[in-house]
Amino acid sequence: MMPMNAENDANALALTRAFRQLRHINWRGQHAIEGYTPGETMLLFCVRRCQQDNPRGLKPSEISQHMRITTPSVTQMVNLLVARGALARTADPTDRRAVRITLTGEGERVTELAHQAMHHRLEGLMQHLGHDRTRQLVDLLEDVFQYYSAQAAAETDAPFCAGGATDPKPSE
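Along each chain, numbering runs from 1 in the same order as the chain's sequence is written. In keeping with the model being predicted, local features are shown solely for residues with a pLDDT of at least 70 and side-chain atom pairs are shown and tallied solely at 80 or more, while totals for entire chains, interfaces and linings include all residues. The basis for every side-chain value is the complete set of heavy atoms in the structure, and neither hydrogens nor water enter the calculation.

By the naming in an unreviewed UniProt entry, the chain is MarR family winged helix-turn-helix transcriptional regulator, taken from Paenibacillus aurantiacus.

A. Region of the structure containing the overall build of the chain. Helices and strands together make up the secondary structure of the chain, namely five helices and two strands. Each helix is a run of DSSP H or I of at least 4 residues and each strand a run of E of at least 2, with the numbering of both proceeding from the N terminus. For the chain, the N- to C-terminal ordering of α and β elements is α-α-α-α-β-β-α. The buried share among the 172 residues of the chain stands at 27%. Pairs at least 24 apart in sequence give 59% of the contacts found in the chain among residues at least 6 apart. A total of about 11500 Å² of accessible surface is found on the chain, and carbon and sulfur atoms cover 58% of it. The cut-offs for exposure are 20% and 50% of the maximum accessible area for each residue type, with area from a 1.4 Å probe on protein chains only; residues under the lower value are buried, those over the upper are exposed, and the others partly exposed. Residue contacts are defined here by distance: any two heavy atoms, one from each residue, within 4.5 Å place the two residues in contact. Where accessible areas are quoted, they stem from the Shrake-Rupley method and a 1.4 Å probe; at the residue level, only the protein chains shown are allowed to cover.

B. Spotlight on the side chain of Asp92. Along the chain, the position of Asp92 falls in the loop between β1 (87-91) and β2 (99-103). What makes Asp92 buried here is its relative accessible area of 1%. Discounting residues that sit within four places of it in the chain, Asp92 has contacts with Arg56, Lys59, Ala98 and Arg100.

C. Layout of the side chain of Ser64. Tracing the sequence through the fold places Ser64 in helix α3 (residues 60-67). Aside from chain neighbours lying at most four places away, what touches Ser64 is Ile69, Thr70, Thr71 and Val74.

D. The arrangement of the pattern of salt bridges in detail. Every case where a carboxyl oxygen of Asp or Glu lies within 4 Å of a side-chain nitrogen of Lys or Arg is listed as a salt bridge. This structure, assessed with the given rule, holds 10 salt bridges. Measuring nitrogen to oxygen at the nearest pair gives 3.4 Å for the salt bridge that ties Glu62 to Arg100. Pair noted here: Glu62 is in helix α3 and Arg100 is in strand β2, with a separation of 38 residues, a long-range link. Owing to a relative accessible area of 24%, Glu62 belongs among the partly exposed residues under this scheme. Note on Arg100: relative accessible area 5%, which makes it buried.

E. Fine view of the packing of aromatic side chains. Two rings from Phe, Tyr or Trp (for Trp, the six-membered ring) form a pair when their centres sit within 6.5 Å of each other. Planes less than 30 degrees apart are called stacked, planes more than 60 degrees apart edge-to-face, and all others tilted. Applying the stated criterion to the full structure yields one aromatic pair. Aromatic pair Tyr147 and Tyr148: ring centres 5.1 Å apart, planes at 80°, arrangement edge-to-face. For Tyr148, a relative accessible area of 41% gives the class partly exposed. One Lys or Arg, Arg84, reaches over the ring of Tyr36 and ends 3.7 Å from the middle of that ring. Both a distance and an angle decide whether a charge sits over a ring: NZ of Lys or CZ of Arg must be within 6 Å of the ring centre and within 35 degrees of the ring normal.

Have a look at this one:
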């Protein structure tokens, strides 16, 4: 561990300020996509990503775990998204008491629009930074993630991102 001195104190303060600024960035868009809130869009992305591995869909509790929000919050959003035609509810074929949530054509359309908007914003950032600084930023952020992942694993014997990432994969 580095000894604290004036330069390290200043750097620690600058890192803290930078991380706080990052918290306030609306990563998925500055506005709703066709009336869908960023939270609803995140839920649609979550279902889309997980449905690739499990075409039967997800239980609300599984969505809750992936998004790291409470099951009642998921249920409330799912109800709205089902009413808007973006999600469908079906009975689980192996357990009639369970409900599975799947994306509809409307949900696919909205996630594609959100993906295109996000991609457009990232292209703007990459153009602003240039190729070398973009690559440097990616490398630094990956190092930051690895550092905090290792710290969390050492403290809790659990991976840093135990619930699964909520951001869309680059292929989405």
